[in-house]
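Summary of structural features
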Amino acid sequence: MHMSTQLNLTPALHRRELLLEWLPVLIGFAVLYIPSFYTLFTGVWATEEQAHGPIILVLSFWLLWRQREQILAVAQYNRAPLSGWLLLIAGLLLYVAGRSQQILAFEIGSFVVITASILVLKLGGRSLAVAWFPFFFMLFMIPLPSAVVSTLTLPMKMAVSYVCEHILYWLGYPIARTGVILQIGQYQLLVADACAGLQTLLTLEALGLFYLNLVRHSSAIRNIGLAILIIPISFTANVMRVVALTLITYYFGDAAGQGFLHGFAGMVLFVSALVLILSLDSLLQWLARLWQSRKVAS
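Residues numbered from 1 in each chain as written. Predicted model: local features only at pLDDT ≥ 70, side-chain atom pairs only at ≥ 80, totals over all residues. Heavy atoms only, no water.

**Description of the overall build of the protein chain**
In terms of helices and strands, the protein chain carries 13 helices and three strands. Element-wise, carbon and sulfur atoms account for 71% of the exposed surface of the protein chain, whose accessible area totals about 17,200 Å². (Helix = DSSP H or I, 4+ residues; strand = E, 2+ residues; numbered from the N terminus. Areas by Shrake-Rupley, 256 points an atom, 1.4 Å probe, with all protein chains shown as cover.)

Structure below.
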């Protein structure tokens, strides 16, 4: 009876020890990052351009949870390597610089660095080597400086506007373009950053890399090829979205184009991008099999 009671208490004592061990870490994260994430959720993450941020954060932690067995399998307990402390110091310095100077990229970037340092300090460097992708994936949630976004977005919007104008002109629609402004019928549409900007490209790149991580192809050429092809996929999906918005406005009016159907066009963007990614992946797979069969035949 005494032995049974002791066995029943052991898991509870173990959970209590774990709680006591991780409680200071959780409190530290709460103190540092509750204000930061409140700023994100009420600021840039509430905008259409940065709405992917919280999704990437959730998916990153899901990927870590999904890899928990592999991470624990290589864990080195009761060791705090120097690299972990250096990462922690670098992350704290990055946080101080970002918070004091109101540089959101530094402030949120420090979250990635400090989280990685905790993993190294608790479980060793091998665990971080196994879990490298979720931390790399987190980088896509970091808001870029507005000056960088504006500089890189303008030529992308010009290119999307140009292609949309020519597609609709070839289809017989009364359309003209001035810069990034499309004139179709009696309506004028400004191609905004959210429709054809750098953030959309980064979001779709993150979507493609997430897909690659899930399917885990053994061919490095196939993985690299698909990752590179995501860039023209993003451009094509952006064109499809702007064409859809232009036609919605032309047929149903400006209110429809700026209302619910504007959000629907955003869904068209990501669905079309996902379909293109899957289609190209299937094509690459077919080409790889064809190449392999010819190689065996020869």
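**Quick word on the sheet that holds strand β2 (residues 181-184)**
Strands sit in the order β1-β2-β3 across an open sheet of three strands; the sheet is antiparallel. Two strands bound the open sheet, and with one partner strand each, they are β1 (175-178) and β3 (187-190). Strand-to-strand twist of the sheet, defined as the mean angle between neighbouring strand axes without regard to direction, takes the value 20°. As defined by bridge partners, β2 adjoins β3 across four bridges and the pair is classed as antiparallel. Across the sheet, the residue bridging to L182 is L189, located in β3. Here helix α8 (residues 146-170) sits on the sheet and contacts β1 and β2; the angle it forms with β1, its principal contact strand, is near 160°. (Pairing = 2+ DSSP bridges. Axes fitted to C-alpha atoms, helices over the stretch in contact; angles between N-to-C directions. Contact = heavy atoms within 4.5 Å.)

**Here's the deal with the nonpolar core**
Ranked by size, the top nonpolar core spans 44 residues in total, and within it F111, F135, F137 and M141 carry the most contacts. Of all the secondary structure elements, the ones that give two or more residues to this core are α1 (2-42), α2 (53-66), α4 (82-101), α5 (104-123), α7 (132-138), α10 (198-215), α11 (220-252) and α13 (260-297). Take this core: its biggest share by element is ten residues, from α5. For F137, the contacting residues outside a window of four places in its chain are I56, L59, S60, L63, A206 and F210. Within the second largest apolar cluster, 14 residues are counted, among which are V160, I175, V180 and V242. (Core = buried A, V, L, I, M, F, W, Y, C linked by side-chain atoms within 4.5 Å. Buried < 20%, exposed > 50% of the residue type's maximum accessible area, 1.4 Å probe, protein only.)

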